[in-house]
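Below, each chain spelled out in residue letters.
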Amino acid sequence: MARKLRILRASDLNGTLDMRDVLPLIEQAFFERGMGRTEMPPKSYLHFPSHEGVLLIMPGSLPQMDEAAVKLINVHTRNPVDHGLPTLIATIVLISPDTGEPVCIMDGTYVTGMRTGAVSGVATKLLARKASRVLGIVGAGFQGPFQLEAVRHSMPVEEVLVTDLVPERARNLAQMAEGFGLAARACETVEEVVRGCDVLVTATPSDRPIVRDEWVREGMHINCVGTYAKGKQEIDPAILKRSIVVVDDWTQASHAGEINVPVSRNEFDRSGVYAELPEVAAGLKPGRTDDRDITVFDTTGLAIQDVVTAWKAFEVAERENLGSVIDPLYT
Ligand SMILES: NC(=O)c1ccc[n+]([C@@H]2O[C@H](COP(=O)([O-])OP(=O)(O)OC[C@H]3O[C@@H](n4cnc5c(N)ncnc54)[C@H](O)[C@@H]3O)[C@@H](O)[C@H]2O)c1
C-alpha cells in the first residue's frame, strides 16, 4: 500500500533529537562504512556561476539499517544580501529501501548541525587522550552549540574555552556551557583557546590558517570542522606534518577538507593520512595509541551521517506526529 509523505519544516525539527541518541548512530554508520556495507556515491555538483551558487547532491544508503536518503544542499553566497535568504539551504529526502518511495521530505539544517556535531564527538571518543578535560571551540556560529553538545557527551569535559570574531557569540556559547554546569570562558584570541585546551574544534569558514603550529602541544586532539571547500583551511599545515591525521573520507577530504590546500600544493599526500575514521570505528586500525601524539580529524561531512540522523528525526516525527502528512505524490 502506498505510504503517505511526511513534510518536516525546520520549525518542526528543532530540538527533536537528543545528541546522546545521535552519537551512537553516527558511530554505527562509520562502523558500517568501515565494514564496506554502505553505498555512498561521490557528491555531485551543479554550478550556477551567474548566481554565485552551487548545489551539492549527496546520496547514501546503509542496507544493514535499511535506510537511504539524498541530501540537497546549496551554497549561494549572494542569497542573504540579494534575496534575504540563507546562504545554505539543505533539504533531505528519505527513501524507503524496500519500495523506493520517498517517505519524508525535511529541512536539512537541523540534521546537518546534529550530524556534524556528532561526528566530532565520535572522533573525540576514538582519538582524544582519555585525560582530556578542556574543550576549546574556535567559531561559535550555528555549529558551535552542536559541537559543544556532542563533545561534552564524548569526553569528561570540565572547562570550555570559546572564541569568535563576534565576541557576543563566544559569550553566548560560554554561557550555554555554564548552563551545563561546566566552567567556561569567552577568550579574546584563538591563541588563548588553543594553548589552553586538550581538545580543539575549529568551526569557521576561514580560508587561511588561524591555528598556528607553535600553539599546539603534544597530546592534543583537533577536530577540523569548518573547511568544506577547495582553497579553505583553518590550521597551519605544519600541524598536519607532526600529527596522526584521520579523515572521514580520503576523496572528499583531499578535495575539500582541511588537507585540500597542502594536497593541492603537493605538500601533503595520502601517505600522510593514518586512517579514514570508518576504519577506526570498525576496529580495523586502532585509534590513539600514545598520549603524546597529536591527533587531527578532518571532517567534510558524509551522506551516511545525514541518512542515519534524518531517519532518527523521522522516527521521532512519526511517533509524535510532527509536521504534516500528504498523499503520495505519484497517486
Ligand atoms: N564538516 C562538515 O561536515 C560541515 C558541516 C556544516 C558546516 N561546516 C562548515 O563549518 C563552518 C561553520 O559553520 P556554521 O554553520 O557554524 O557557520 P556560521 O557562519 O554560523 O559560524 C561561523 C563562525 O565563525 C566565526 N569566525 C569566522 N572567522 C573566524 C576567525 N578567524 N576566528 C574566530 N571566529 C571566526 C564567525 O564569526 C561565525 O560566528 C562553515 O565553514 C561551514 O561550511 C562543515
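Along the protein chain, the regular secondary structure elements total 12 helices and 17 strands. Its C-alpha atoms give the protein chain a radius of gyration of 19 Å, within 12% of the compact-globule value 20 Å for 331 residues. Taking the principal axes of its C-alpha atoms as reference, the protein chain extends roughly 60 × 45 × 40 Å. With 331 residues in all, the protein chain has 56% of them scored as buried. Accessible surface, the protein chain as shown: approximately 14800 Å² in total, 53% of it carbon and sulfur. Both charge centroids of the protein chain, one from 34 positive and one from 45 negative side chains, sit 1 Å from each other.

Each domain of the protein chain was delimited in the assignment, giving domain 1 (5–111 + 304–326) and domain 2 (114–302). Between the C-alpha centres of domain 1 and domain 2 there is a distance of 23 Å. With 24 residues of domain 1 in contact, the opposing surface of domain 2 contributes 28 residues. For the pair domain 1 and domain 2, the summed buried surface comes to about 2300 Å²; carbon and sulfur atoms form 69% of the total.

Let us look at the site of the ligand. Of all residues adjacent to the ligand, which total 21 residues, the nearest are Phe-142, Gln-143, Asp-164, Arg-169 and Gly-226. Here an oxygen atom of the ligand sits 2.9 Å away from a polar atom, N or O, in the main chain of Phe-142. Backbone polar atom of Thr-204 to an oxygen atom of the ligand: 3.5 Å apart, as the coordinates give it. Look at the ligand: alone it shows 850 Å² of surface, and the protein chains cover 81% of it. Looking at the shell around the ligand residue by residue, the classes come out as nine nonpolar, nine polar and three charged.

Thresholds, definitions, all that
- Sequence order sets the numbering: in each chain, residues are counted from 1 along the sequence as written.
- Local features are withheld for residues below a pLDDT of 70 in this predicted model, meaning they are given only at 70 or higher, and side-chain atom pairs are given and counted only at 80 or more; totals for whole chains, interfaces and linings count all residues.
- Computation of side-chain values: all heavy atoms of the structure, hydrogens and water removed.
- Counting from the N terminus, the helices are the DSSP runs of H or I reaching at least four residues and the strands are the DSSP runs of E reaching at least two.
- C-alpha atoms define the radius of gyration in this analysis, and the globule rule sets the expected value at 2.2 Å times the number of residues to the power 0.38.
- Accessibility here uses a 1.4 Å probe with only protein chains present; expressed as a share of the type maximum, an area under 20% marks a residue as buried, one over 50% as exposed, and anything in between as partly exposed.
- Accessible areas in this description were obtained via Shrake-Rupley with a 1.4 Å probe; residue shielding takes into account the shown protein chains only.
- The positive count covers Lys and Arg only, the negative count covers Asp and Glu only, and His and the chain ends enter neither.
- Every charge is mapped to an atom, namely NZ of Lys, CZ of Arg, CG of Asp or CD of Glu.
- Domain segmentation is taken from an automatic or database assignment of domains.
- By definition in these notes, contact holds between two residues if any of their heavy atoms fall within 4.5 Å.
- Note on terms: buried area is the combined drop in 1.4 Å-probe accessible area of two parts once they are placed together, counting the loss on both.
- We call a residue near a molecule or strand as soon as one heavy atom of that residue lies within 4 Å of the molecule or strand.
- N or O atoms closer than or at 3.5 Å make up a polar contact, with two conditions inside protein: a donor-capable atom paired with an acceptor-capable one, and, for residues adjacent in sequence, both atoms drawn from side chains.
- Side-chain classes are defined by residue name, with Ala, Val, Leu, Ile, Met, Phe, Trp, Tyr, Cys and Pro counting as nonpolar, Asp, Glu, Lys and Arg as charged, and the others, Gly among them, as polar.

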